[in-house]
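Listed here are the chains, written in short residue letters.
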Amino acid sequence: MPRTGIRWKLSAAIAAVVALVAVALSLVVHNAARVSMLDNARDLADERVQIAQRNYEASGRPNFPGVMIDDPDLPKDLLAKATAGRRATYVTEHPDGVPDIWAAVPLKDGRTLSLHTNFTDRSATVLKDLDEALIIGSTAVVFGGCALGVLIGGQLSRRLRKAATAARRVAQGEPDVRVRDSIGGVVRDETDDLARAVDAMADALQQRIEAERRVTADIAHELRTPVTGLLTAAELLPPGRPTELVRDRAQAMRQLVEDVLEVARLDSASERAELQDIVLGEFVSRRVIARDPEIVVRVVHESAVTTDPRRLERVLINLLINAAKHGRPPIEVTVEGRVIRVRDHGPGFPDALLAEGPSRFRTGSSDRAGHGHGLGLTIAAGQARVLGARLTFRNVRAGGAPPGAPAEGAVAVLWLPEHAPTNTGSYPMLPV
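Please read these numbers as outputs of a predicted model, since none were measured by experiment.

Rules behind the numbers
Residues numbered from 1 in each chain as written. Predicted model: local features only at pLDDT ≥ 70, side-chain atom pairs only at ≥ 80, totals over all residues. Heavy atoms only, no water. Pairing = 2+ DSSP bridges. Helix = DSSP H or I, 4+ residues; strand = E, 2+ residues; numbered from the N terminus. Axes fitted to C-alpha atoms, helices over the stretch in contact; angles between N-to-C directions. Contact = heavy atoms within 4.5 Å. UniProt positions renumbered as here; feature names shortened; annotations may be inferred. Phe/Tyr/Trp six-rings, centres within 6.5 Å; stacked < 30°, edge-to-face > 60°. Buried < 20%, exposed > 50% of the residue type's maximum accessible area, 1.4 Å probe, protein only. Salt bridge = Lys/Arg side-chain N within 4 Å of Asp/Glu carboxyl O. Core = buried A, V, L, I, M, F, W, Y, C linked by side-chain atoms within 4.5 Å. Polar contact = N/O pair within 3.5 Å; in protein donor to acceptor, adjacent residues only side chain to side chain.

### Section: the sheet that holds strand 8 (residues 332–336)
- If you walk across this open sheet you meet the 5 strands as 6-8-9-11-10, and the pairing is mixed. Every other strand in the sheet has two partners, leaving strand 6 (296–301) and strand 10 (390–395) as the edge strands with one partner each. Strand-to-strand twist in this sheet, taken as the mean axis angle between neighbours without regard to direction, amounts to 15 degrees.
- As paired elements, strand 10 and strand 11 (residues 410–415) share 6 bridges and run antiparallel to each other. By the bridge assignment for strand 11, Phe-393 is matched with Ala-412.
- Against the sheet, helix 8 (residues 309–326) makes contact with strand 8, strand 9 (339–344), strand 10 and strand 11, and its axis sits at roughly 20 degrees relative to strand 9, the strand it touches most.

Here it is in structure tokens:
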């Protein structure tokens, strides 16, 4: 359906109402003026027929202009009144709408004296001028109503757009944004009630998220000590397969605790990027080779960037771990300017991850998520936000393949910013 702004809807509604009112008032004024003019014409005809009656009775002949005795064209209704001995006036209309004024009075000799006059040209001209003035006035009122509707609707639309923009910023993770402050102004209307309701909802959600984050961080922090003790105790066990299993599981539990703590810190938006100037291609090549010499690194275009090397390495290593764990070799890393791509040749990312992004403790479909807790990509995305970078995910399919065809690999793309991060929810610190 086509989208119509509230400004034009309100303007059209006001214009329609104004047009109806203007037409109704114009009809009322036109009819009232016409009736008043006809009443004046009938009164004048009545006075003239009385004068003609007195002159006829005094002289015995009709000597007043326009009077006739027993006029055969006299309307029947008027003739009936005169025959009944009553003086009366009558109005008839031509097909073109111009009225005729009749007046009749009975004479003492039983005959009927009548007067026939047309609606005066002056009155017709006045009525025509009045109609033109009403049309011009109605048109001006309609256009004025449209302008008023655009003005009022535009103000309301601007307030609603500002509210929608602020609400989107809150949804994107900017907890300090308030819809009411974004709207501004001194007008108090329903948009203020909506803004306050959205702000209250955002505050309640933020408090709930913060409470959940604190609980998660507290639990992970409390688990760190016993897990460390478990690892220490595992070192004292005699060599053997059972000891290796205990050490492996204890180490995995410790890694999980550290990951949960890192996610909690990233969610709190208190992390600070410690910026340094690095040569991106050389940096990535050294880190990837140190991680796995079999991974192919291709530097298409070298670039110098200002970023946090530790956090960038964390993002890169997590992407490599995810590709090795859930994809298939060969794994390829490409550096082109400020863009880093990590590709594997596995079954591709799950649809839920492509649609919603990484989610903690959800590793995706069974064909790509046999192991892990879903925290690796979550941490990578969080660290990318601190760097002011953008992390995207997509699947690779052969050219011309239908939408439902199996993927031929997964690609994670990290887009580093052109300038040092300044609005990532953290406070970047330049090295001294």
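There's more to say after this.
### Re the UniProt feature "transmembrane region" (unreviewed entry) in the chain
- Within this structure's numbering, the places UniProt gives as "transmembrane region" (unreviewed entry) are residues 133–152.
- Counted over residues 133–152, helix gives 100% and strand 0%. Its end C-alpha atoms are 28 Å apart.

### Points about the packing of aromatic side chains
- If you walk through the whole model with that rule in mind, you get 1 aromatic pair.
- On the numbers, 5.2 Å between centres and 75 degrees between planes, the contact of Phe-349 with Phe-393 is edge-to-face. In this pair, Phe-349 is assigned in the loop between strand 9 and helix 9 (351–356) and Phe-393 in strand 10, connecting sequence segments 44 residues apart.
- Classification of Phe-393 as buried rests on a relative accessible area of 15%.

### Some details on the pattern of salt bridges
- In total, this model carries 6 salt bridges according to the counting rule given.
- Measuring nitrogen to oxygen at the nearest pair gives 3.5 Å for the salt bridge that ties Arg-341 to Glu-336.

### Notes on the environment of Asp-351
- Along the chain, the position of Asp-351 falls in helix 9.
- With relative accessibility at 62%, the residue Asp-351 sits in the exposed group.
- For Asp-351 and Arg-394, which are 43 residues apart along the polypeptide, the C-alpha to C-alpha distance reads 9.5 Å.

### Some details on the nonpolar core
- One finds Val-284, Leu-312, Leu-319, Leu-320 and Leu-414 to be the most contacted residues of the largest nonpolar core, which totals 33 residues.
- Taken together, the elements giving at least two residues each to this core come down to helix 7 (280–291), helix 8, strand 8, strand 9, helix 10 (376–387), strand 10 and strand 11.
- At 7 residues, helix 8 tops the list of elements feeding residues into this core.
- Once residues within four sequence positions are removed from consideration, Leu-319 is found in contact with Val-342, Leu-377, Ala-380, Leu-391, Phe-393 and Ala-412.

### What about the side chain of Asp-308?
- Looking at the element boundaries, Asp-308 is found in the loop between strand 7 (304–307) and helix 8.
- A relative accessible area of 4% places Asp-308 in the buried class.
- Polar contacts involving the side chain of Asp-308 include one to the main-chain amide nitrogen of Arg-310, which spans 3.1 Å.

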